[in-house]
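Here are the chains, one letter per residue:
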Amino acid sequence: MRRVSGLLAVFLFLAAPALADARLELSGDMTQGGLAIGHAVPGAKASLDGMMLDVDRDGTFAMGFDRDHERRATLRVVYPDGTVEERVLTIAEREWQIQRVEGVPRKYVSPPADAMAAIARGTKLKADARKTRAEGSWFTEGFIWPVTGPISGVFGSQRYYNGEPRRPHYGVDVAAPTGTPIRAPASGVVTLADADMYFEGGLVFLDHGQGVTTLIMHMSRIDVKTGDMVKQGDVIGAVGGTGRATGPHLHWGMYWRGAYLDPQLLVGPMPENGG
Ligand SMILES: [Zn+2]
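The structure presented is a predicted model; accordingly, all values stated were derived computationally and were not measured.

(A) Expanded view of the sheet that holds strand β11 (residues 164–166). Pairing is mixed in the open sheet, where three strands are placed in the order β8-β10-β11. Each edge of the open sheet is held by one strand with a lone partner, namely β8 (98–101) and β11. Across this sheet, the average inter-strand angle for adjacent strands is 30°, counted without regard to direction. Taken together, the four bridges between β8 and strand β10 (residues 158–161) define a ladder with parallel strand orientation. Paired with I98 across the strands is Q158, a residue of β10.

Next up, the structure:
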C-alpha cells in the first residue's frame, strides 16, 4: 500500500502544472520573429528569460522572439497568491532567404565621412524612442496591411548590397507607387516621426503597447508627429523611396524591446488584387 500511495503522490506532483494551466493562456507564434500573447490573471507578474514583462490590468502581456532567438525560452509567472509557474517554451527555428540588392547608391553602402553626423543623429533619435514603452495593449486587436500590393521582400533575409553582406532584412516590403497612403496596422502611439533619416528616409515608429512597435520607412510624406495617438486604419503618411531604397515601396518592420519581429506572422495574407 505504501508503494501505491507513493506512486499516487508522484502522479499528483506531475499533474500539478496542468492544474495551474487554467490561469495562464498563451496564443500567437512561438517561433523566431514571432509575437506571442500571454493571458494570466489580474495582478500577475511575468518574466521571460529573466526580463520583467509589462503586464496590463487584465493580466495580458506580450512576448517577442528575435529572428535569432535560441530554441528555448523560459516564462515565469507569479500569481497574486504567490504561486509561481514556470514554463519552458520551444521556439521554432526558421530558414532564411538570401536577397541580393543591386544598384544601391554608394553613399548608402559605404557612407562617406561627412555622413557620420547625420547617421549619429538618427541613431540617437531611434535609441531615445526605444527608451519608453506605451501603456496599452492595442497589439491584441490584430493587424492589417498598411499598404496592399506585391510583396517584394520578406523578413529575415540575409542581405547583400551591391555584393557586400549587410545585416538581415528586418521587415516586409510591399511595392507601391510614391504617394500611396499608408495606414496604421494597429492602434498605437507615435514614438518617432522624422522625415530625414539617413538610411530610413521618412521614418515613423508606432508603439502598439508594451513596446510592440511598428517601423515604417522610406516615406515620402509623414502625417503624424511624436506623441500622437492613432487608430488602426488611420493614414499616417505616404509611400516613397527616401533613404536607402532602390525604388518606392513600403518597408514595414516590427520590434518588441530587443527583438525584431516578422510582421507577416501577425497580419493575414495579402488581399488579392492588391486589395
Ligand atoms: Zn525593406
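(B) Spatial organisation of the packing of aromatic side chains. Enumeration according to the criterion identifies seven aromatic pairs in this entry. Centroid distance F205 to Y255: 5.7 Å. Interplanar angle 70°. Geometry classified as edge-to-face. Here F205 is found in strand β15 (residues 201–207), whereas its partner Y255 is found in strand β20 (residues 249–256), with 50 residues between them in sequence. One aromatic cluster is present, formed by W96, F155, Y170 and Y260 through successive ring pairs. Sitting over the ring of Y79, R23 keeps its end group 3.9 Å from the ring centre. Cation over ring: R100 sits above Y160, and NZ or CZ is 4.5 Å from the ring centre.

(C) Representation of the coordination of the zinc ion within the structure. In this structure, H169 (NE2), D173 (OD), D173 (OD) and H251 (ND1) serve as the protein donors to the zinc ion, at separations of 2.0 to 2.8 Å. Each donor residue of the zinc ion lies on one chain, and together they are spaced H-x3-D-x77-H. Placement of the pair is D173 in strand β12 (residues 172–175) and H251 in strand β20, with a sequence separation of 78 residues.

(D) Representation of the pattern of salt bridges within the structure. If you walk through the whole model with that rule in mind, you get 15 salt bridges. Its salt-bridge partner being R76, residue E86 comes within 3.4 Å of it at the nearest N-O pair. Of this pair, E86 sits in strand β7 (residues 84–90) while R76 sits in strand β6 (residues 72–78), placing them 10 residues apart in sequence. For E86, a relative accessible area of 54% translates into the label exposed. Exposure remark for R76: the relative accessible area of 36% places this residue in the partly exposed category. The partner of K131 in a salt bridge is D128, with the nearest N and O atoms 3.1 Å apart. By relative accessible area, which is 63% here, K131 ends up exposed. Its relative accessible area of 31% is what places D128 among the partly exposed residues. Shared partners join several salt bridges into a network, and the residues in it are K124, D128 and K131.

Reading guide: rules and limits
Residues numbered from 1 in each chain as written. Predicted model: local features only at pLDDT ≥ 70, side-chain atom pairs only at ≥ 80, totals over all residues. Heavy atoms only, no water. Pairing = 2+ DSSP bridges. Helix = DSSP H or I, 4+ residues; strand = E, 2+ residues; numbered from the N terminus. Axes fitted to C-alpha atoms, helices over the stretch in contact; angles between N-to-C directions. Phe/Tyr/Trp six-rings, centres within 6.5 Å; stacked < 30°, edge-to-face > 60°. Lys NZ or Arg CZ within 6 Å of the ring centre and 35° of its normal. Donors = N, O, S within 2.8 Å, 3.2 Å for Na, K, Ca; no water. Salt bridge = Lys/Arg side-chain N within 4 Å of Asp/Glu carboxyl O. Buried < 20%, exposed > 50% of the residue type's maximum accessible area, 1.4 Å probe, protein only.

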